[in-house]
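Here is what each chain is made of, one letter per residue.
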Amino acid sequence: MNKGLAIVGGAVLVLGLVATPFVVEKIEPGHVGVHYKPSNGVQKEVFQPGWEVVAPFDKVIEYPTRTQTKSIKDLVLSTKDGKNVTVDFSYSFSVNPEKVVDLFNKYGAVSVDDIATKGYLRQQLFDAARDQVSKVTVLELFGEQSSQVSSDIQAQFADKVLELGFIVEDLSLGAPKPDEKTQEAIDARVKASQELDRKKTELEIAKAESERILVESDAKAKKTVIEAEAEAKANKLLSNSITPELIKLKEAEARQKHGWVEIQGVAPTLTQEVESKK
(Lines give C-alpha, C1' and ligand atoms only; values in the text may rest on other atoms or scores of the structure.)
Protein backbone atom coordinates (compact mmCIF):
# COMPACT_ATOMS: atom_id res chain seq x y z
CA MET A 1 0.00 0.00 0.00
CA ASN A 2 2.73 2.41 0.96
CA LYS A 3 4.60 1.47 -2.17
CA GLY A 4 1.56 2.30 -4.30
CA LEU A 5 1.13 5.70 -2.64
CA ALA A 6 4.76 6.45 -3.22
CA ILE A 7 4.42 5.64 -6.91
CA VAL A 8 1.32 7.84 -7.24
CA GLY A 9 2.98 10.65 -5.34
CA GLY A 10 6.04 10.42 -7.54
CA ALA A 11 3.94 10.51 -10.67
CA VAL A 12 2.11 13.61 -9.44
CA LEU A 13 5.42 15.25 -8.63
CA VAL A 14 6.82 14.46 -12.06
CA LEU A 15 3.70 15.75 -13.75
CA GLY A 16 3.89 18.88 -11.64
CA LEU A 17 7.48 19.48 -12.58
CA VAL A 18 6.73 18.91 -16.26
CA ALA A 19 3.77 21.29 -16.15
CA THR A 20 5.52 23.98 -14.15
CA PRO A 21 7.18 25.83 -17.12
CA PHE A 22 3.76 26.32 -18.65
CA VAL A 23 1.99 27.75 -15.61
CA VAL A 24 4.68 29.88 -13.93
CA GLU A 25 6.03 33.11 -15.36
CA LYS A 26 8.91 35.11 -13.97
CA ILE A 27 8.74 38.89 -14.39
CA GLU A 28 12.27 40.24 -14.46
CA PRO A 29 13.29 43.19 -12.26
CA GLY A 30 12.73 46.49 -14.00
CA HIS A 31 9.79 45.07 -15.97
CA VAL A 32 6.05 44.65 -15.65
CA GLY A 33 3.90 42.00 -17.35
CA VAL A 34 0.62 42.22 -19.22
CA HIS A 35 -1.50 39.12 -18.70
CA TYR A 36 -3.52 37.97 -21.72
CA LYS A 37 -6.16 35.20 -21.59
CA PRO A 38 -7.38 33.77 -24.90
CA SER A 39 -10.84 33.37 -23.37
CA ASN A 40 -11.43 36.98 -22.28
CA GLY A 41 -8.50 39.10 -23.48
CA VAL A 42 -6.15 41.39 -21.57
CA GLN A 43 -6.42 41.38 -17.81
CA LYS A 44 -6.45 44.74 -16.04
CA GLU A 45 -4.08 43.57 -13.36
CA VAL A 46 -0.45 44.16 -14.37
CA PHE A 47 2.12 41.70 -13.05
CA GLN A 48 4.96 43.16 -11.01
CA PRO A 49 8.52 41.72 -10.87
CA GLY A 50 8.55 38.20 -9.43
CA TRP A 51 6.87 34.84 -10.07
CA GLU A 52 3.29 34.57 -11.35
CA VAL A 53 1.18 31.48 -11.96
CA VAL A 54 -0.83 31.52 -15.19
CA ALA A 55 -2.90 29.07 -17.18
CA PRO A 56 -1.01 27.01 -19.78
CA PHE A 57 -2.40 28.92 -22.75
CA ASP A 58 -2.20 32.40 -21.23
CA LYS A 59 0.42 34.88 -22.44
CA VAL A 60 2.48 37.33 -20.44
CA ILE A 61 4.15 40.17 -22.34
CA GLU A 62 6.88 42.00 -20.45
CA TYR A 63 7.50 45.73 -20.80
CA PRO A 64 10.65 47.43 -19.45
CA THR A 65 10.02 50.17 -16.92
CA ARG A 66 13.70 50.90 -16.31
CA THR A 67 15.67 53.09 -18.66
CA GLN A 68 17.10 51.48 -21.76
CA THR A 69 19.02 52.88 -24.72
CA LYS A 70 18.42 52.23 -28.39
CA SER A 71 20.37 53.24 -31.48
CA ILE A 72 18.85 54.20 -34.81
CA LYS A 73 21.27 54.13 -37.73
CA ASP A 74 21.41 55.80 -41.12
CA LEU A 75 18.39 58.11 -41.19
CA VAL A 76 18.61 60.12 -44.42
CA LEU A 77 17.47 63.71 -43.89
CA SER A 78 17.34 66.85 -45.99
CA THR A 79 18.47 70.27 -44.79
CA LYS A 80 16.92 73.67 -45.48
CA ASP A 81 19.25 74.25 -48.43
CA GLY A 82 18.40 70.88 -50.01
CA LYS A 83 21.48 68.92 -48.91
CA ASN A 84 21.10 65.26 -47.96
CA VAL A 85 22.79 63.99 -44.82
CA THR A 86 22.79 60.60 -43.10
CA VAL A 87 22.46 60.77 -39.32
CA ASP A 88 22.68 58.25 -36.47
CA PHE A 89 20.70 58.67 -33.26
CA SER A 90 20.86 57.21 -29.80
CA TYR A 91 18.07 57.71 -27.28
CA SER A 92 17.15 56.55 -23.80
CA PHE A 93 13.58 55.80 -22.77
CA SER A 94 11.36 53.85 -20.42
CA VAL A 95 7.76 52.64 -20.49
CA ASN A 96 5.09 54.11 -18.23
CA PRO A 97 3.75 51.08 -16.28
CA GLU A 98 0.29 52.63 -16.19
CA LYS A 99 0.16 52.57 -20.00
CA VAL A 100 1.31 49.02 -20.73
CA VAL A 101 -2.22 47.65 -21.16
CA ASP A 102 -2.99 50.34 -23.76
CA LEU A 103 0.32 49.56 -25.40
CA PHE A 104 -0.54 45.86 -25.63
CA ASN A 105 -4.01 46.63 -26.99
CA LYS A 106 -2.42 48.70 -29.77
CA TYR A 107 0.52 46.49 -30.74
CA GLY A 108 -0.31 43.10 -29.31
CA ALA A 109 2.61 40.80 -28.60
CA VAL A 110 5.14 42.95 -30.51
CA SER A 111 8.20 43.45 -28.32
CA VAL A 112 9.25 46.89 -27.12
CA ASP A 113 12.60 46.35 -28.80
CA ASP A 114 10.91 45.99 -32.18
CA ILE A 115 8.69 48.98 -31.48
CA ALA A 116 11.74 51.04 -30.56
CA THR A 117 14.07 50.08 -33.40
CA LYS A 118 11.78 49.05 -36.25
CA GLY A 119 8.27 50.33 -35.62
CA TYR A 120 6.45 53.20 -33.99
CA LEU A 121 9.31 54.83 -32.06
CA ARG A 122 11.66 54.71 -35.03
CA GLN A 123 9.06 56.34 -37.26
CA GLN A 124 8.29 59.09 -34.76
CA LEU A 125 11.99 59.81 -34.32
CA PHE A 126 12.41 60.00 -38.08
CA ASP A 127 9.47 62.42 -38.40
CA ALA A 128 10.83 64.69 -35.65
CA ALA A 129 14.35 64.63 -37.09
CA ARG A 130 13.09 65.37 -40.59
CA ASP A 131 11.04 68.35 -39.37
CA GLN A 132 13.84 69.93 -37.33
CA VAL A 133 16.73 69.30 -39.75
CA SER A 134 14.71 70.88 -42.56
CA LYS A 135 14.79 74.18 -40.64
CA VAL A 136 18.58 74.62 -40.81
CA THR A 137 21.23 74.70 -43.52
CA VAL A 138 23.84 71.98 -43.78
CA LEU A 139 26.55 74.26 -42.40
CA GLU A 140 24.36 75.20 -39.43
CA LEU A 141 23.72 71.51 -38.78
CA PHE A 142 27.48 70.87 -38.77
CA GLY A 143 28.20 73.98 -36.72
CA GLU A 144 26.67 76.09 -34.01
CA GLN A 145 23.07 74.87 -34.50
CA SER A 146 23.86 71.19 -33.97
CA SER A 147 23.07 71.05 -30.24
CA GLN A 148 19.91 73.12 -30.68
CA VAL A 149 18.66 70.83 -33.45
CA SER A 150 19.30 67.79 -31.24
CA SER A 151 17.36 69.40 -28.39
CA ASP A 152 14.44 70.31 -30.66
CA ILE A 153 14.28 66.77 -32.09
CA GLN A 154 14.18 65.30 -28.58
CA ALA A 155 11.41 67.68 -27.49
CA GLN A 156 9.20 66.89 -30.49
CA PHE A 157 9.90 63.16 -30.31
CA ALA A 158 9.26 62.94 -26.55
CA ASP A 159 6.01 64.90 -26.80
CA LYS A 160 4.71 62.72 -29.61
CA VAL A 161 5.30 59.33 -27.94
CA LEU A 162 4.41 60.28 -24.36
CA GLU A 163 0.67 59.71 -24.81
CA LEU A 164 1.27 56.09 -25.85
CA GLY A 165 3.34 55.46 -22.72
CA PHE A 166 6.95 55.99 -23.81
CA ILE A 167 9.07 58.38 -21.74
CA VAL A 168 12.05 59.72 -23.70
CA GLU A 169 14.75 60.78 -21.26
CA ASP A 170 17.66 61.66 -23.52
CA LEU A 171 18.63 61.84 -27.19
CA SER A 172 22.00 62.19 -28.91
CA LEU A 173 22.54 63.29 -32.48
CA GLY A 174 25.53 61.65 -34.14
CA ALA A 175 27.86 63.47 -36.49
CA PRO A 176 25.98 64.01 -39.77
CA LYS A 177 27.44 62.19 -42.77
CA PRO A 178 26.89 64.16 -45.99
CA ASP A 179 26.85 62.69 -49.47
CA GLU A 180 29.83 63.31 -51.76
CA LYS A 181 28.50 66.46 -53.42
CA THR A 182 27.37 67.92 -50.11
CA GLN A 183 30.80 67.21 -48.60
CA GLU A 184 32.45 69.02 -51.51
CA ALA A 185 30.18 72.02 -50.97
CA ILE A 186 30.94 72.00 -47.24
CA ASP A 187 34.68 71.81 -47.88
CA ALA A 188 34.46 74.73 -50.32
CA ARG A 189 32.47 76.83 -47.85
CA VAL A 190 34.84 75.99 -45.01
CA LYS A 191 37.85 76.89 -47.16
CA ALA A 192 36.25 80.19 -48.18
CA SER A 193 35.43 80.93 -44.55
CA GLN A 194 39.00 80.18 -43.48
CA GLU A 195 40.34 82.43 -46.25
CA LEU A 196 38.01 85.21 -45.15
CA ASP A 197 39.15 84.81 -41.54
CA ARG A 198 42.78 84.94 -42.70
CA LYS A 199 42.19 88.17 -44.62
CA LYS A 200 40.37 89.68 -41.67
CA THR A 201 43.30 88.80 -39.45
CA GLU A 202 45.79 90.32 -41.89
CA LEU A 203 43.68 93.47 -42.13
CA GLU A 204 43.52 93.77 -38.37
CA ILE A 205 47.31 93.35 -38.14
CA ALA A 206 47.86 95.98 -40.85
CA LYS A 207 45.45 98.33 -39.11
CA ALA A 208 47.22 97.86 -35.80
CA GLU A 209 50.60 98.49 -37.46
CA SER A 210 49.32 101.67 -39.12
CA GLU A 211 47.99 102.90 -35.82
CA ARG A 212 51.33 102.16 -34.19
CA ILE A 213 53.23 104.08 -36.87
CA LEU A 214 50.79 106.98 -36.57
CA VAL A 215 51.21 107.09 -32.83
CA GLU A 216 55.01 107.04 -33.15
CA SER A 217 54.97 109.75 -35.83
CA ASP A 218 52.69 111.91 -33.73
CA ALA A 219 54.98 111.44 -30.74
CA LYS A 220 58.06 112.42 -32.79
CA ALA A 221 56.28 115.49 -34.17
CA LYS A 222 55.28 116.58 -30.70
CA LYS A 223 58.84 116.05 -29.49
CA THR A 224 60.23 118.17 -32.35
CA VAL A 225 57.79 120.97 -31.58
CA ILE A 226 58.68 120.86 -27.91
CA GLU A 227 62.41 120.94 -28.66
CA ALA A 228 62.00 123.82 -31.14
CA GLU A 229 59.95 125.80 -28.66
CA ALA A 230 62.54 125.17 -25.97
CA GLU A 231 65.37 126.31 -28.28
CA ALA A 232 63.47 129.41 -29.31
CA LYS A 233 62.87 130.31 -25.69
CA ALA A 234 66.55 129.80 -24.89
CA ASN A 235 67.65 131.98 -27.83
CA LYS A 236 65.21 134.66 -26.84
CA LEU A 237 66.51 134.65 -23.29
CA LEU A 238 70.10 134.83 -24.57
CA SER A 239 69.28 137.66 -26.97
CA ASN A 240 67.54 139.63 -24.28
CA SER A 241 70.53 139.24 -21.97
CA ILE A 242 73.05 140.86 -24.42
CA THR A 243 72.99 144.63 -23.80
CA PRO A 244 75.41 147.47 -24.79
CA GLU A 245 76.50 147.71 -21.20
CA LEU A 246 77.36 143.98 -21.18
CA ILE A 247 79.38 144.36 -24.39
CA LYS A 248 81.36 147.30 -22.98
CA LEU A 249 81.95 145.33 -19.80
CA LYS A 250 83.31 142.38 -21.74
CA GLU A 251 85.58 144.68 -23.81
CA ALA A 252 86.91 146.25 -20.69
CA GLU A 253 87.61 142.89 -19.17
CA ALA A 254 89.43 141.86 -22.36
CA ARG A 255 91.58 145.07 -22.40
CA GLN A 256 92.48 144.52 -18.83
CA LYS A 257 93.42 140.89 -19.37
CA HIS A 258 95.05 140.92 -22.80
CA GLY A 259 95.67 144.54 -23.78
CA TRP A 260 94.25 146.18 -26.90
CA VAL A 261 95.85 148.64 -29.43
CA GLU A 262 94.15 150.57 -32.17
CA ILE A 263 95.56 150.02 -35.70
CA GLN A 264 96.00 153.26 -37.69
CA GLY A 265 94.41 153.50 -41.08
CA VAL A 266 91.54 151.15 -40.50
CA ALA A 267 87.99 151.82 -39.72
CA PRO A 268 87.45 153.13 -36.21
CA THR A 269 85.37 150.13 -35.41
CA LEU A 270 88.08 147.65 -36.39
CA THR A 271 90.52 146.75 -33.57
CA GLN A 272 93.13 144.11 -33.32
CA GLU A 273 94.53 142.39 -30.34
CA VAL A 274 98.29 142.40 -30.28
CA GLU A 275 100.70 141.10 -27.84
CA SER A 276 102.48 143.90 -25.93
CA LYS A 277 106.28 143.67 -26.26
CA LYS A 278 106.82 146.20 -23.57
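Residues numbered from 1 in each chain as written. Predicted model: local features only at pLDDT ≥ 70, side-chain atom pairs only at ≥ 80, totals over all residues. Heavy atoms only, no water.

### Notes on the confidence of the model for the protein chain
Per-residue confidence for the protein chain gives a mean pLDDT of 78, with 79% of residues at or over 70. In the predicted structure, residues 263-278 sits below a pLDDT of 50 and forms 10 contacts with residues beyond four places in sequence or in another chain. (pLDDT = per-residue confidence, 0-100. Contact = heavy atoms within 4.5 Å.)

### As for the pattern of salt bridges
Any two side chains of opposite charge can pair, given that their charged atoms come close. Applying the stated criterion across every chain yields a total of six salt bridges. The shortest N-O distance in the salt bridge between Lys-177 and Asp-74 comes to 3.4 Å. Remark: Asp-74 occurs in strand β6 (residues 68-78) and Lys-177 occurs in strand β9 (residues 177-178); sequence separation between them is 103 residues. By relative accessible area, Lys-177 is classed as partly exposed at 36%. Residue classification places Asp-74 among the partly exposed positions, given a relative accessible area of 47%. Asp-127 is the partner of Arg-130 in a salt bridge, and the nearest nitrogen-oxygen pair spans 3.2 Å. Residue Arg-130 and its partner Asp-127 are both found in helix α4 (residues 120-133); the two are separated by three residues, about one turn of the helix. You can call Asp-127 buried: its relative accessible area is 19%. Where salt bridges share partners, they join Asp-74, Asp-88 and Lys-177 into one cluster. (Salt bridge = Lys/Arg side-chain N within 4 Å of Asp/Glu carboxyl O. Helix = DSSP H or I, 4+ residues; strand = E, 2+ residues; numbered from the N terminus. Buried < 20%, exposed > 50% of the residue type's maximum accessible area, 1.4 Å probe, protein only.)

### Quick look at α4
For α4, spanning 14 residues, the distance from its first C-alpha to its last is 20 Å, which sits close to the expected 20 Å at 1.5 Å a residue. All of the buried residues along α4 are Tyr-120, Leu-121, Gln-124, Leu-125, Asp-127, Ala-128, Ala-129, Gln-132 and Val-133. (Expected span 1.5 Å × (residues − 1).)

### Let's talk about the nonpolar core
Core analysis: the biggest nonpolar cluster contains 38 residues, and Tyr-63, Phe-89, Tyr-91, Leu-121, Ile-153, Phe-157 and Phe-166 have the highest contact counts within it. Setting aside anything within four residues of it in sequence, one finds Phe-89 in contact with Lys-70, Ser-71, Ile-72, Leu-75, Leu-77, Leu-125, Ala-129, Ile-153, Leu-171, Ser-172 and Leu-173. (Core = buried A, V, L, I, M, F, W, Y, C linked by side-chain atoms within 4.5 Å.)

### Re the packing of α4 against helix α6 (residues 146-162)
The geometry of α4 relative to α6 is characterised by a closest axis approach of 9 Å and an angle of 140 degrees between their N-to-C directions. One way to sum up the angle between α4 and α6 is to call them oblique. The interaxial crossing formed by α4 with α6 has right-handed handedness. Facing α4, whose interface residues are Tyr-120, Leu-121, Gln-124, Leu-125, Asp-127, Ala-128, Ala-129, Asp-131, Gln-132 and Val-133, α6 presents Val-149, Asp-152, Ile-153, Gln-156, Phe-157, Lys-160 and Val-161. (Axes fitted to C-alpha atoms, helices over the stretch in contact; angles between N-to-C directions. Parallel < 35°, antiparallel > 145°, perpendicular 65-115°, else oblique. Left-handed = near helix turned anticlockwise from the far one by under 90°.)

### So, the packing of aromatic side chains
This structure, assessed with the given rule, holds five aromatic pairs. Judged by centre distance (5.6 Å) and plane angle (35 degrees), the rings of Tyr-91 and Phe-93 are tilted. Classification of Tyr-91 by relative accessible area gives buried; the value is 1%. Here Phe-93 falls in the buried class, since its relative accessible area comes to 0%. (Phe/Tyr/Trp six-rings, centres within 6.5 Å; stacked < 30°, edge-to-face > 60°.)

### Quick word on α6
Here α6 contains 17 residues, and its C-alpha end-to-end distance of 24 Å stays within 8% of the 24 Å for a straight helix at 1.5 Å per residue. When we look at burial in α6, the residues that qualify are Val-149, Ser-150, Ile-153, Gln-154, Phe-157, Ala-158 and Val-161. Each buried residue of α6 lies within a common arc of 160 degrees when the element is viewed along its axis, so the set occupies one face. (Arc of directions from axis to C-beta.)

### Looking at the side chain of His-31
By secondary structure assignment, the location of His-31 is in strand β2 (residues 31-37). According to the relative accessible area criterion, His-31 is buried, its value standing at 16%. Separated by 3.1 Å, the side chain of His-31 and the backbone oxygen of Pro-29 make a polar contact. Contacts of His-31, omitting those with residues within four sequence positions, involve Pro-49, Glu-62, Tyr-63, Pro-64, Thr-65 and Arg-66. (Polar contact = N/O pair within 3.5 Å; in protein donor to acceptor, adjacent residues only side chain to side chain.)

### Let's talk about the sheet that holds strand β3 (residues 41-47)
The strand order across the open sheet formed by three strands is β3-β2-β5, and the pairing between neighbours is antiparallel. Here the strands that pair on one side only, and so sit at the sheet edges, are β3 and β5 (59-64). Ignoring which end each strand starts from, the neighbouring axes of this sheet average 25 degrees apart. Looking at chain direction, β2 and β3 are connected through four bridges and run antiparallel. Within the sheet, the bridge partner assigned to Gly-33 lies in β3 and is Phe-47. Across the sheet, helix α2 (residues 100-107) is in contact with β2, β3 and β5; its angle to β3 comes to roughly 150 degrees. (Pairing = 2+ DSSP bridges.)

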